[in-house]
Amino acid sequence: MDLNFTPEEAAFRDDARHFFRTAIPAAIRAKVAEGEGLTRDDMITSQRILNARGWAVPNWPVQWGGQDWSPIQVYLYQDEMQQADCPSPIAFNTSMVGPVIAQFGSDEMKQRFLPATANADIFWCQGFSEPGSGSDLASLRTKAERKGDKYVINGQKIWTTLAQYADWIFCLVRTDPAAKQQEGISFILVDMKTPGITVRPIITIDGGREVNEVFFDNVEVPTENLVGQENKGWDYAKFLLGNERTGIARVGNSKAKIARIKELASLEFAGERPVIEDPRFQEKLAAIEVELKALEMTQLRVVSDERKLKKGRQNPASSILKLKGSVIQQQLTELLIEVVGPYAIPYQRDFEGNNEPVVGPDYATEAAPMYFNYRKVSIYGGSNEIQRNIIAKAILGL
Amino acid sequence: MDFDFSEDQRLLKESVDRLIAGEYTFEQRKKYMAEPVGYSTAMWSQLTELGLLGLPFEETLGGFGGTAVETAIVMEAFGRGLVLEPFFATVILGGGLLRRAASDALRGALAPKVASGKIKLAFAHIERHSRYDLSDVTTTAHKDGSGYVLDGAKSVVLHGDAADRIFVTARLAGERRAPDGIGLFLIDPNTPGVTRRGYRTQDGLRAAELTLSSARVTADDLVHDNALAPIEHVVDEAIAALCAEAVGAMHAMQELTLEYLKTRKQFGRPIGSFQALQHRSVDMLVAVEQARSMAMFAALSAGEENPIERRKAISAAKVQIGRSGRHVGQEAVQLHGGIGMTTEYAVGHYFKRVTMIDQLFGDTDTHLGKLARLGGLFGKAA
């Protein structure tokens, strides 16, 4: 047992720390730190810098640009990236559709999509959830009917994150309505420019636009865009959802948030002293830090165990990481509101024609929106209630 | 970075786990508790034979040369067994003080006796109003001729009634809470002027009240004349050990509760089929795993020589253990229903032990305050 990194691991960490803090433009990292939304260009710029170094898709097969890293290296890469407020590579590209194509796609499909996906030449979005199919994803109803060398897709997707930026969407569609729910689903790639696709924004409670509805009205897609076999899409979706679960705790992000809270709490005053010197505030923060330290250790235990697991096998403890990590992230956004006090109140998101001067300190403007926005983290990617169902079944055997 | 046990650690774990599983069932424990001393003298001999009483000492002193990780392995198993024997008081506290506060000569003389089970130790530091402040010492030690005269009273001395020799803090100089001037004595409880009254604790263990009334000791009995720093280090190691013990107890509660959910039937089905209970069972598991992570962190930090860094790590662990312990303990009783309330069933005994662990060497709030005042665990910027 040793908490210390080996000299090789420490060298890797230092290299990663330096790289993320120097190669990624400071303006982009500042936006991440402040919780300001990134533009499409910001995301693509950042990912291309990573990709130029071979660090956009380390989890992919080496042949397609992946790195043969140890679980510890993967952990350090994520932790340092998150602590540096560096945007994560576009998840839809790198941890979702990319690994699915690499695992189940034809050679032609791999050639066509993987390099472009790694370099963010294609911006992907994910077409899984539907109005009637949230946690119960397998009940999805968007259908794809085969007509000659085309599928014709009709239906609706919802909660499609960043569909407004996307060039392509990967969808789960029902190709066999007669089969049992999970057995009639296919995984298909669709060009967002195809006629018949309409994207409608959904404005979330923070005032931001991250998610959308995507409507499919007789959208014709070449059959060559089918990934793997018809009606095997559910297996591919499960593979996708099982990937890359340790980063889900977002311990590095929470560390960065704590650093920011401490900094801002030394600038804001409550009476004679800065907020950071208020004993009650100190204890609230310390209590979250304890939970985060425990989570970091739990994550390292999972990472350490991964070396013994077969590649691609998911440690069920990763559900614990999601459960706990999401709550910690949310608690930290609560504290941030507390730090800025009444300056959490003005609504000052950028909107067209807004040239008004900022009310209060710059850093206060995103505090409340971030708090509202972060309620999502215990809902997306399998809500915390679903995570509890998974743990109850997979770990506890209930 | 790795969390694997070494081969020796694995073997230690196997042998201790086997001992507890075979010789420390809930029913056997009841018999041990009924013995006159409140624990099993035969089990004490077994612990001696396994070499566990020499855990922290160098091999040249008949010891094991174990670190806090070996201690944690043993203590986690003892938590599962709800072990009654005075291992913690003798080996972790007493042995720790021998290691960190005593001269080579004293350690050389006593460590082999501890390791071979010949003497039992205890540590008397709590006073009526000292609460968890180790520097709050009003017991006095006055120089008198070649020796010292001790006056004062010590409370809740863990296994103080069984101890052959007791470490006692007494003020040689300074004001009541001054960090300097705290003497550490090792006294024979049969010294004239020393009285002790043993009693059972809430969790089935033993403790004693100790009174020192013009108790005359020799200069050789003064182990350390400014002992706060080594005492703090020993207490930090002791907290790490208690964290591991609490994890053993919590894990046992979590498993017992899970088993109960799978077997107890109501409304024609196992109660574990109800989602409300499934989710609560998951939250128990999460609490145990978070506690286990922090107990490991404590064990790996207990040897840290920088007292501030060590203090932060140990306090953080104690906070997590306190919170997880309370949650797991209360939920274990609740999910069992009526049977969880009975003294014939194990779960309530685990609950009582983890509750008392929170009261030892600083409770959750005390340690949260310490951690908060030191600025928390994570820096302003990496």
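Residues numbered from 1 in each chain as written. Chains lettered and ligands numbered in written order. Predicted model: local features only at pLDDT ≥ 70, side-chain atom pairs only at ≥ 80, totals over all residues.

With that settled, consider the overall build of chain B. Along chain B, the regular secondary structure elements total eleven helices and ten strands. At 21 Å, chain B has a C-alpha radius of gyration in line with the 21 Å of a compact globule built from 382 residues. When each of the 382 residues of chain B is scored for burial, the buried share is 53%. A separation threshold of at least 6 residues defines the contact pool for chain B, and within that pool the share at least 24 residues apart is 73%. (Helix = DSSP H or I, 4+ residues; strand = E, 2+ residues; numbered from the N terminus. Rg over C-alpha atoms; globule rule 2.2 N^0.38 Å. Buried ≥ 20, exposed ≤ 12 C-beta atoms within 10 Å, placed from the backbone. Contact = placed C-beta atoms within 7 Å.)

All names here are of chain B. With respect to the secondary-structure elements, Thr211 resides in strand S7 (residues 206-217). When the C-alpha atoms of Thr211 and Thr139 are compared, they prove to be 9.8 Å apart, with 72 residues separating the residues in sequence. Contact partners of Thr211, with chain neighbours within four places excluded, come to Ala153 and Thr195.

For the rest of this paragraph, the subject is the domain arrangement of chain B. Residues and elements named next belong to chain B. Taken as a whole, chain B is organised into domain 1 (7-119), domain 2 (123-226) and domain 3 (229-373). A C-alpha centroid distance of 22 Å is found between domain 1 and domain 3. Each partner contributes to the interface: domain 1 provides 20 residues, whereas domain 3 provides 24 residues. Looking at the side of domain 1 that touches domain 3, the elements with two or more residues in it are helix H4 (68-81) and helix H5 (87-100). No other element matches H4, which puts ten residues into the side of domain 1 that touches domain 3. Residues that form the side of domain 1 that touches domain 3 fall into these classes: 13 nonpolar, four polar and three charged. (Domains from an automatic or database assignment. Nonpolar A, V, L, I, M, F, W, Y, C, P; charged D, E, K, R; others polar.)

All right, on to the interface of chain B and chain A then. Put simply, an interface is often sized by how much accessible area is lost when its parts join up. Across the contact, 37 residues belong to chain B and 38 residues belong to chain A. Only helix H7 (228-263), helix H8 (275-301), helix H9 (307-336) and helix H11 (364-373) of chain B provide two or more residues apiece to the side of chain B that touches chain A. It is H8 of chain B that provides the largest number of residues to the side of chain B that touches chain A, a total of 13 residues. Residues belonging to the side of chain B that touches chain A are distributed by class as follows: 22 nonpolar, ten polar and five charged.

Before going further, it helps to examine the packing of H9 of chain B against H11 of chain B. Residues and elements named next belong to chain B. Across the interface, H9 lies against H11 with an axial gap of 8 Å and an inter-helix angle of 145°. Two packed elements cross with a definite hand, and for H9 against H11 that hand is left-handed. Contact with H9, carried on its side by Arg311, Lys312, Ser315, Ala316, Lys318, Val319, Gly322 and Arg323, involves Thr364, His367, Leu368, Lys370 and Leu371 of H11 and no other residues of that element. Considered class by class, the residues forming the contact of H9 with H11 number four nonpolar, four polar and five charged. (Axes fitted to C-alpha atoms, helices over the stretch in contact; angles between N-to-C directions. Left-handed = near helix turned anticlockwise from the far one by under 90°.)

Residue and element names in this part refer to chain B. Two elements in contact, H8 and H9, have axes whose closest approach is 8 Å; the angle formed by their N-to-C orientations is 155°. In terms of orientation, H8 and H9 fall into the roughly antiparallel class. When the axes of H8 and H9 are compared, the crossing they make is left-handed. Residues Leu277, Arg280, Met284, Ala287, Val288, Gln290, Ala291, Met294, Ala295, Phe297, Ala298 and Ser301 of H8 lie in contact with H9, whose contacting residues are Arg310, Ala313, Ile314, Ala316, Ala317, Gln320, Ile321, Ser324, His327, Val328, Glu331 and Leu335. Of the residues belonging to the contact of H8 with H9, the class tally is 16 nonpolar, five polar and three charged. (Parallel < 35°, antiparallel > 145°, perpendicular 65-115°, else oblique.)

In an α-helix, one turn spans 3.6 residues; hence positions three or four apart end up facing the same way. All names here are of chain B. The end-to-end C-alpha distance of H9 is 42 Å, a good match for the 44 Å that 30 residues give at a rise of 1.5 Å each. Extensive coverage of H9 is indicated by the burial of 23 of its 30 residues. The first or second residue beyond H9 is Gly337, which carries a positive phi of 70°. (Expected span 1.5 Å × (residues − 1).)

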